[in-house]
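Examining the three-dimensional arrangement
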Amino acid sequence: FSTEKDESIIELHEALERLEKFDERKAKIVELRYFGGLSAEETGEVLGVSEITVKREWLKAKAWLYNELAVN
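Basis of the calculations
Along each chain, the written sequence defines residue order, and numbers are assigned to residues from 1. At least 70 in pLDDT is required for a residue's local features to be given in this predicted model, at least 80 for side-chain atom pairs to be given and counted, and no such filter applies to totals for whole chains, interfaces and linings, which use all residues. Values shown for side chains rest on all heavy atoms present in the structure; no hydrogens or waters enter the calculation. Throughout this description, the term nonpolar core refers to a set of buried Ala, Val, Leu, Ile, Met, Phe, Trp, Tyr and Cys residues connected via side-chain atoms within 4.5 Å. Burial classification: accessible surface area is computed with a 1.4 Å probe over protein chains only, and a residue below 20% of its type maximum counts as buried, one above 50% as exposed, and the rest as partly exposed. In this description a helix means any DSSP run of H or I spanning at least four residues, a strand means any run of E spanning at least two, and both kinds are numbered starting from the N terminus. Residue-level confidence of the predictor, termed pLDDT, takes values from 0 up to 100. Each pair of aromatic rings taken from Phe, Tyr and Trp, with Trp reduced to its six-membered ring, is defined by centres within 6.5 Å and is described as stacked if the planes are under 30 degrees apart, edge-to-face if over 60, and tilted in the remaining cases. We call a charge positioned above a ring when the Lys NZ or Arg CZ atom is no farther than 6 Å from the ring centre and deviates by at most 35 degrees from the ring normal. The span expected for a helix works out to 1.5 Å for each residue beyond the first. Contacts are assigned to residue pairs with any non-hydrogen atoms lying within 4.5 Å of each other. Residues with no salt bridge and a relative accessible area higher than 30% make up the patches, which join like charges within 9 Å and nonpolar side chains (Val, Leu, Ile, Met, Phe, Trp, Tyr) within 5 Å. Under the convention used here, a 1.4 Å probe and the Shrake-Rupley method define accessible areas, while residue burial counts only the protein chains that appear. Whenever a carboxyl oxygen of Asp or Glu lies within 4 Å of a side-chain nitrogen of Lys or Arg, that contact is scored as a salt bridge. In this tally, Lys and Arg are treated as positive and Asp and Glu as negative; His is ignored, and so are the chain termini. Lys charges are placed at NZ, Arg charges at CZ, Asp charges at CG and Glu charges at CD. To be clear, the arc concerns the directions from the helix axis to the C-beta atoms.

As for the nonpolar core
Listed in full, the 11 residues of the largest apolar core are Ala15, Leu16, Leu19, Ala27, Ile29, Val30, Ala40, Val54, Trp58, Ala61 and Leu65. When residues of this core are traced back to their parent elements, those giving at least two are α1 (3–22), α2 (24–35) and α4 (51–71). The leading source of residues in this core is α4, at 4 residues.

Right under this line is the structure:
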C-alpha cells in the first residue's frame, strides 16, 4: 500500500467511527453493504428492517461520508 492509500483507509475508518456515534444503524449498513458485500435485502434481514429502509439509509450514509471525507 502507498502512504496515500493508508491515509485514505484511516480517514474512512475515522469517519465511520464518527457516523457510528450519532447513527449506529447507518454505520452498520455501510459495514454490511460495503465491506460485507451484502445486498440491501440481506442487510435488512440482518438488521431487522425493510429493504427500502436500508436503501434510504445507505444513500444518506454515503452522502454523509462523502461530505465528511471531502471536508478533511
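Describing the confidence of the model for the chain
Scored by pLDDT, the chain comes out at a mean of 93, with 96% of its residues at no less than 70. Least confident of the elements in the chain is α1, whose mean pLDDT is 89; most confident is helix α3 (residues 40–47), at 98.

A short note on the packing of aromatic side chains
A full pass over the atoms with the stated rule returns 2 aromatic pairs. On the numbers, 4.8 Å between centres and 90° between planes, the contact of Tyr34 with Phe35 is edge-to-face. Taken individually, Tyr34 and Phe35 each receive the classification exposed, so the pair is uniform in this respect. In this structure, Arg33 is placed above the aromatic ring of Trp58, and the distance from its NZ or CZ to the ring centre is 4.9 Å.

Structural notes on α2
For α2, spanning 12 residues, the distance from its first C-alpha to its last is 16 Å, which sits close to the expected 16 Å at 1.5 Å a residue. Of all the positions in α2, only Lys26, Ala27, Ile29, Val30 and Leu32 are classed as buried. Buried positions along α2 lie against α1, α3 and α4. A positive backbone phi angle near 75° is found at Gly37, which sits one or two residues after α2.

Overview of a negative patch on the surface
Together, Glu4, Asp6, Glu7, Glu11, Glu14, Glu17, Glu20 and Glu24 make up a negatively charged patch on the protein surface. A per-element tally of the negative patch places α1 first, with 7 residues. Mapped onto the elements, Glu17 comes out in helix α1.

A short note on α1
Its 20 residues place the ends of α1 30 Å apart at the C-alpha level, agreeing with the 28 Å of an ideal helix rising 1.5 Å per residue. Taken together, the buried positions of α1 are Ala15, Leu16 and Leu19. Around the axis of α1, the buried residues are gathered within 105° of arc, so they sit on the same side. Along α1, exposed side chains directed more than 90 degrees from the buried face belong to Thr3 and Lys21. Looking at the buried side of α1, the elements it contacts are α2 and α4.

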